[in-house]
Amino acid sequence: MVSSSHPNLERLANSVLQPGFVGTTEAPDWLRRRIADGLGAVVLFGRNIVDREQVAALTASLRAENPDLIVAIDEEAGDVTRMEAWTGASRPGNLALGAVDDVDLTESVARDIGRELHAAGVSLNYAPSADVNSNPLNPVIGVRSFGARSDVVSRHTAAWIRGLQAAGVAACAKHFPGHGDTSVDPHFGLPQVTGSSAEIARTALPPFIAATEAGVRAIMTAHLLVPAYDPALPATLSPRILNDLLRGELGFKGMVVTDGIEMGAVTDRYGIDGATVRAVAGGVDAVCVGGDSAEQSTVELLAGALVKAVLDGRLPEDRLTEASGRVREFAAWSGRRSRMAAREEGGAGFGVGVRVGVRERSDIGLVAARRAVRVHRRSDPASESALPLTVAPHVVELSPVMNPAVDGGTPWGVAEPLRDLRPDTTSVRLTKAELDGHDGTDEVLDRAALAPADGRALVVVVRDAARHRWMSDTLARLLRTRPDALVVEMGVPTGATFGAVHMITHGATRVSGIAVAEMLTGGI
């Protein structure tokens, strides 16, 4: 518990925290008290969301405590969605937009996201991912990136920011200085970028420069080690990366926010409180927490650690004051942005006067998902006649364990949307654990996948097959028996093609599944 003997320091400490919480209809009392005591922001997660009307009411009640409160969310759309965590995203993610490579489309999709968030009272979106996915086996970025080329990622990062901010919601480019060339998930370990400073400047930094030029006012740090800049401290804690590189060389003057501070990449070594203090001391302005640690005790621990660090000299008070000032400046700017967008929409700003839930959802997401699908056929008569389906399909979905950035309960796949168009569709979803739990994998596949598809079309759906050996092996076993199968890749494609027809969606969103189902049945 923070001592009450230093009220000014306590308010400064509260102002730089961006915590999550548990609740959908109202915020807990402890959070309301923190807001009254200067808390600068809150973060919404899938657990806080039922529908748009409910979110608007929740955010309005929070701002009743402080009209300048920043309400943040991690709504990338695509595979990482909070607003649609229980239904599946109605807009494709970055890789799909990068595959289409139409910046006007990207800007329109982002504006559509922004309008929904703005109507729900959200003022800051921790998106877009400006990472260049140069490592195709990256376990945490993948389809969240616009692609593997710096120029593609740069122009779509800028377009996404323009679209979102035109709708009155602030964007936050992430994960600086670039998380694309990594092979470790920071939730569980410390990734490392091994390139030279010249290589990083050429490949990873251009999208962040483009983001700054597009007017982004917030940038999120990455929990990774970049020895070319700092061999000792992860980027989130590194003055060399945050001050010398981001603010010095790149000239960024806005708010710097951490990725979730509870991740193992920083807490395993420094603890959640130690990482928070080091991050603010190193140049961070706001600390995001609460994806996992959403309790009152966590916020008390972090605020208390910041106050104690000032008192014992580990954190200069003027650094904490500077961070707090940047948060306030950002809040004022985002408030003006909201009011400007609200006037254009005929409302009053941040959910007030905006007709939440009345305006029909745009179909721009489905349009984008359709344009992102790529279809490759074998050059033989069987593949030429495979589409559209003329017999009832059996769908086999191979489901990986997702990284924590992706809500594990978010619907995805092809079977359900295909069943909406072809009610005689049957399906099975298999995981590595289910296959490993049996003595004979071939027996399981025969019973669950091949036998139900006898005399029918077989559709095999994979998600990042190249990253999961069990998945690529299972796909190969199925294709040995059924070379006429249709294969749908809903993750990062490898360049190889499989089956009689190979369809690539560049993401596992609900609308991507609908787009594939339409193509399979000849609906579009």
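Residues numbered from 1 in each chain as written. Predicted model: local features only at pLDDT ≥ 70, side-chain atom pairs only at ≥ 80, totals over all residues. Heavy atoms only, no water.

Caption draft 1: Expanded view of the overall build of the protein chain. The secondary structure content of the protein chain amounts to 19 helices and 14 strands. In terms of overall size, the protein chain behaves like a compact globule, its C-alpha atoms giving a radius of gyration of 24 Å where 524 residues would be expected to give roughly 24 Å. Its C-alpha atoms give the protein chain principal-axis dimensions of about 75 × 50 × 40 Å. Here the protein chain, with 524 residues, has 62% of them falling under the buried criterion. A separation of at least 24 residues holds for 76% of the contacts in the protein chain among residues at least 6 apart in sequence. Carbon and sulfur atoms make up 51% of the accessible area of the protein chain, which amounts to about 19500 Å² in all. Side chains of the protein chain carry 53 positive and 64 negative charges; the gap between the two charge centres is 3 Å. (Helix = DSSP H or I, 4+ residues; strand = E, 2+ residues; numbered from the N terminus. Rg over C-alpha atoms; globule rule 2.2 N^0.38 Å. Buried < 20%, exposed > 50% of the residue type's maximum accessible area, 1.4 Å probe, protein only. Contact = heavy atoms within 4.5 Å. Areas by Shrake-Rupley, 256 points an atom, 1.4 Å probe, with all protein chains shown as cover. Lys, Arg positive; Asp, Glu negative; His and termini not counted. Charge placed at Lys NZ, Arg CZ, Asp CG, Glu CD.)

Caption draft 2: Main features of the sheet that holds strand S5 (residues 173-176). As summarised here, the arrangement of the 3 strands in space is S5-S6-S7, forming an open sheet in which the pairing is parallel. Pairing within the sheet leaves two strands with one partner each, and these edge strands are S5 and strand S7 (255-257). Each neighbouring strand pair of the sheet contributes to a mean axis angle of 30 degrees, computed without reference to strand direction. Pairing of strand S6 (residues 218-221) with S7 involves 3 bridges; the strand directions are parallel. Bridge pairing in S7 links Met220 to Val257. Here helix H8 (residues 206-213) sits on the sheet and contacts S5 and S6; the angle it forms with S5, its principal contact strand, is near 145 degrees. (Pairing = 2+ DSSP bridges. Axes fitted to C-alpha atoms, helices over the stretch in contact; angles between N-to-C directions.)

Caption draft 3: A look at the pattern of salt bridges. Tallied over the full model, the rule gives 35 salt bridges. Salt-bridge contacts for Arg463 lead to Asp79; the nearest nitrogen and oxygen are separated by 3.1 Å. Taken together, the positions of Arg463 in the loop between strand S12 (457-462) and helix H18 (469-481) and Asp79 in the loop between strand S3 (70-73) and helix H4 (94-100) put the pair 384 residues apart, joining distant regions of the chain. A relative accessible area of 5% means that Arg463 is categorised as buried. A salt bridge links Asp484 to Arg482; its shortest N-O distance comes to 2.8 Å. Since its relative accessible area comes to 35%, Asp484 is described here as partly exposed. Through salt bridges with shared partners, one network takes in Arg52, Glu84, Arg91, Asp112, Glu116 and Arg510. (Salt bridge = Lys/Arg side-chain N within 4 Å of Asp/Glu carboxyl O.)

Caption draft 4: A look at the environment of Asp101. Position of Asp101 relative to the elements: it lies in the loop between H4 and helix H5 (103-119). For the pair formed by Asp101 and Ala204, sequence separation is 103 residues and the distance between their alpha carbons is 19 Å. Excluding its chain neighbours within four sequence positions, the residues that come into contact with Asp101 are Arg155 and His156.

Caption draft 5: Geometry of the pairing of strand S2 (residues 41-44). By the alternation rule, side chains of S2 split into Ala41 and Val43 and Val42 and Leu44, which are all buried. Pairing geometry for S2 and S3, over 4 bridges, is parallel. In the strand pairing of S3, Leu44 is matched with Ile73. Traced from S2 through helix H3 (residues 52-63) to S3, the parallel crossover comes out right-handed. (Right-handed = clockwise from strand over helix to strand, strands pointing away.)

Caption draft 6: Quick look at the sheet that holds strand S11 (residues 426-431). Ordered in space as S9-S14-S13-S12-S10-S11, the 6 strands form an open sheet in which the pairing is mixed. A single partner strand is all that each edge strand has here, and the edge strands are strand S9 (374-377) and S11. When strand polarity is set aside, the average angle formed by the axes of neighbouring strands in this sheet is 15 degrees. Pairing geometry for strand S13 (residues 486-489) and strand S14 (residues 501-504), over 4 bridges, is parallel. Counted as the bridge partner of Leu486 is Val501 from S14. Set on the sheet, helix H19 (residues 510-521) makes contact with S9, S12, S13 and S14; between it and S14 the angle comes to about 155 degrees.

Caption draft 7: Summary view of the packing of aromatic side chains. Applying the stated criterion across every chain yields a total of 2 aromatic pairs. On the numbers, 5.2 Å between centres and 90 degrees between planes, the contact of Phe176 with Phe208 is edge-to-face. Of this pair, Phe176 sits in strand S5 while Phe208 sits in helix H8; the two residues are 32 residues apart in sequence, bridging distant segments of the chain. Residue classification places Phe176 among the buried positions, given a relative accessible area of 0%. (Phe/Tyr/Trp six-rings, centres within 6.5 Å; stacked < 30°, edge-to-face > 60°.)

Caption draft 8: Up close: the side chain of Asp259. Note on placement: Asp259 falls in the loop between S7 and helix H10 (264-282). Buried charge without a partner: Asp259 forms no salt bridge, and the closest opposite charge is Arg144, 6.3 Å away. Setting aside anything within four residues of it in sequence, one finds Asp259 in contact with His175, Met220, Thr221, His223 and Cys288.

Caption draft 9: Fine view of the packing of helix H2 (residues 29-36) against helix H11 (residues 296-311). Put simply, H2 and H11 touch, their axes get as near as 10 Å, and they point 30 degrees apart. Regarding the angle of H2 to H11, the classification is roughly parallel. Remark: the crossing between H2 and H11 carries left-handed chirality. Facing Trp30, Arg33 and Arg34 of H2, the residues of H11 in contact are Gln296, Val299, Glu300 and Ala303. Considering only residue class, the contact of H2 with H11 consists of 3 nonpolar, 1 polar and 3 charged. (Parallel < 35°, antiparallel > 145°, perpendicular 65-115°, else oblique. Left-handed = near helix turned anticlockwise from the far one by under 90°. Nonpolar A, V, L, I, M, F, W, Y, C, P; charged D, E, K, R; others polar.)

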